[in-house]
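What follows is the residue order along each chain.
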Amino acid sequence: MKKSVVLATLAVAGMAAGISQASTLDEVKARGSLNCGVTTGLTGFAEPNASGVWEGFDVAVCRAVAAAVFGDPMAVEFVPTTGQTRFTALASGEVDMLARNTTWTFSRDVDLKFEFVGVNYYDGQGFMVPASLGVSSALELDGATVCIQTGTTTELNLADFFASNNMSYEPVPIETNAEAQQQYLANACDVYTTDASGLAATRATFEDPSAHVVLPEIVSKEPLGPLVRHGDNEWGDIVRWSLNALIAAEEMGITSANVAELAAAPGNNPEINRILGTEGELGAMLGLEANWAVNVISAGGNYGEIFDRNIGESTPIGLARGLNAQWTDGGLLYSPPFR
């Protein structure tokens, strides 16, 4: 088992090294669209709507990058990936970037030769159980059966948590969130564990969400964000600064409603002017048009608009901003300066 894991790691790293020799930006432009890896389906984060159009918090990052490159947020082909297939898809060049609830870790960054360009959601692992189980704490789960997605940090965190608390559990391996939901509702497992945001999204789809409880313990740090292959810094910069533009726009009060007006009539805030391309040469530095960030923000709004529309407190998922509030509001969200 250890040998197969090592070989798989080497294979992914080898593919990443080979693909990175070519310019991803040139390939994306020649293709005419961005290939973006997303989850196989998680309400609020990434899933096709009734018309087959992909929507969600992570989808918005893909559309922002497409808007930066093409001026068209719809110039994206979405490639569903699982916890097991996502890294191979990126390393092999099947996708140009991943935006699918992937945790930034040392080994993924260094050993697998990927580059995380930032964090778009600060999360942590939690546990969900049926209310009928009568459990109020994860410390009461000794001997439980646990639905767990394979190939994830969640799988490793689960083992650490139970071992450190001298408890045992029986894993029920699953590959996708849909499979986890099916198994959990069929009572094939007592517990479902994943990122707390994923639990909220899954619970919101249940016929009676109140019949299920997300336990209070958060047992890990899960900084989630988009990633690209090592070795193509130009492409990494485009994805990184597209995300930063969404974050900075919220801080600066730039919205989907006023971005065109602010770009047409530059004001006296130099940072806003640099972001919107009316001052300086930031677009040229990225190999993009001067108004690239205008297109990014116009695509779906700033970070706050995207959060509120897809997963915020007014949605069935009902997530508060918490750590994902702007730094000026006590959160961790922070973009480096545009200068």
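See the structure shown above.
Nothing here was measured: the structure is a model prediction, and the numbers come from that model.

Colleague: Looking at this structure, how should I read the packing of aromatic side chains?
Modeller: Think of a pair of aromatic rings as described by two things: how far the centres are apart, and how the planes are tilted against each other in angle. Tallying each qualifying case throughout the model produces 16 aromatic pairs. Ring pairs connect the aromatic residues Phe45, Phe57, Tyr121, Tyr303 and Phe307, which therefore count as one cluster. Over the face of the ring belonging to Phe307 we find Arg321, whose NZ or CZ atom lies 5.2 Å from the ring centre.

Colleague: Is there a simple way to explain the nonpolar core in this structure?
Modeller: Soluble globular proteins tend to bury their nonpolar side chains together. Membership of the largest hydrophobic core comes to 59 residues, with the highest contact counts inside it found for Leu34, Met97, Trp235 and Trp292. Residue contributions to this core peak at ten residues, all from helix H3 (residues 57-70). Excluding anything up to four places from it in sequence, Leu34 contacts Val28, Cys62, Val65, Ala66, Phe70, Ala75, Val76, Glu77, Asp96, Met97 and Trp235. If you look at the next biggest cluster of nonpolar residues, it comprises 14 residues, including Leu158, Phe162, Val191 and Leu215.

Colleague: Explain unusual backbone geometry here, please?
Modeller: Excluding glycine, a negative phi dihedral is what most residues carry, and trans is how most peptide bonds are arranged. Its identity as a non-glycine residue notwithstanding, Asn166 has a phi of 55°, on the positive side. Tracing the sequence through the fold places Asn166 in the loop between helix H6 (153-164) and strand E10 (169-174). Even without glycine at this site, Asn187 takes up a positive phi of about 65°. In this fold, Asn187 is placed in the loop between helix H7 (177-185) and strand E11 (191-195). In this structure Asn187 comes out as exposed when scored by relative accessible area, which is 62%.

Colleague: Is there a simple way to explain the layout of surface pockets in this structure?
Modeller: Using a probe with the size of a water molecule, rolled over the atoms, empty space left in the structure can be pinpointed. Estimates place the volume of the second largest pocket at around 330 Å³. Around the second largest pocket, the lining comprises 21 residues; the ones closest to its centre are Trp54, Glu55, Gly56, Arg309 and Asn310. Sorting elements by how many residues they give to the lining of the second largest pocket places H3 first, with four residues.

Colleague: What exactly am I supposed to notice about helix H14 (residues 303-310) here?
Modeller: Each full turn of the α-helix corresponds to 3.6 residues, which orients residues three or four apart in the same direction. Among the residues making up H14, those that are buried are Tyr303, Gly304, Ile306, Phe307 and Asn310. Angular distribution of buried residues about the axis of H14 spans 165°; they occupy a single face of the element. Contacts made by the buried residues of H14 are with H3, strand E7 (121-123), helix H9 (233-252) and helix H13 (292-300). The N-terminus of H14 is capped by Asn302, whose side-chain oxygen sits 3.0 Å from the backbone nitrogen of Gly304.

Colleague: Any chance you could explain the sheet that holds strand E8 (residues 125-130) here in plain terms?
Modeller: Within a sheet, each strand pairs with its neighbour through backbone hydrogen bonds, oriented either parallel or antiparallel. Read from one edge of the open sheet, five strands run E10-E9-E11-E8-E12, paired in mixed fashion. At either margin of the open sheet sits one strand with a lone partner, and together these are E10 and strand E12 (212-214). Strand after strand, the sheet turns through a mean of 30° between neighbouring axes, direction not considered. Where strand E9 (residues 144-149) and E10 come together, six bridges link them in parallel fashion. Looking across to E10, one finds that Thr145 is bridged to Glu170. Helix-sheet contacts for H7 involve E8, E9, E10, E11 and E12, and the interaxial angle to E10 is about 135°. Along the sheet face, helix H8 (residues 196-204) touches E8, E11 and E12 and points at about 125° away from the line of E11.

Calculation criteria
- Position labels on residues start from 1 in each chain and follow its written sequence.
- Since the coordinates come from a predicted model, pLDDT governs what is reported: local features require at least 70, and pairs of side-chain atoms require 80 or more to be given and counted, while whole-chain, interface and lining totals use all residues.
- Only hydrogens and water are set aside; all other atoms, that is, all heavy atoms of the structure, feed into the side-chain values.
- By convention, a stacked pair of Phe, Tyr or Trp rings (six-membered ring in the case of Trp) has centres within 6.5 Å and planes under 30 degrees apart, an edge-to-face pair has planes over 60 apart, and any other such pair is tilted.
- Either the NZ atom of lysine or the CZ atom of arginine qualifies as a charge over a ring when it sits within 6 Å of the ring centre and within 35 degrees of the ring normal.
- The set of buried Ala, Val, Leu, Ile, Met, Phe, Trp, Tyr and Cys residues whose side-chain atoms join them within 4.5 Å is what this entry labels a nonpolar core.
- A simple rule labels every residue: compare its accessible area, found with a 1.4 Å probe on the protein chains alone, to the largest value its type can have, and call it buried under 20%, exposed over 50%, or partly exposed in between.
- Every helix listed is a DSSP run of H or I at least four residues long, and every strand listed is a run of E at least two residues long, numbered separately from the N terminus.
- When checking whether two residues touch, look at their non-hydrogen atoms; a contact exists if any pair is within 4.5 Å.
- The distinction between a cavity and a pocket rests on a 1 Å grid over the protein atoms alone: a 1.4 Å probe fits inside a cavity but cannot get out, while a pocket stays open yet meets protein on both sides within 12 Å along at least five of seven lines, and a residue with an atom within 4 Å of a point counts as lining.
- Grid points are joined across faces, edges and corners, and a volume is the space filled by probe spheres set on the points.
- Arc, as used here, means the arc of the directions from the helix axis to the C-beta atoms.
- Any pair of nitrogen or oxygen atoms within 3.5 Å is treated as a polar contact; in protein, a donor-acceptor pairing is required on top of that, and neighbouring residues in sequence qualify only through side-chain atoms on both sides.
- Only strands that DSSP links by at least two bridges are regarded as paired with each other.
- In this analysis, axes come from line fits to C-alpha atoms, helices being fitted only over the stretch in contact, and the angle between any two N-to-C directions falls in the range 0 to 180 degrees.

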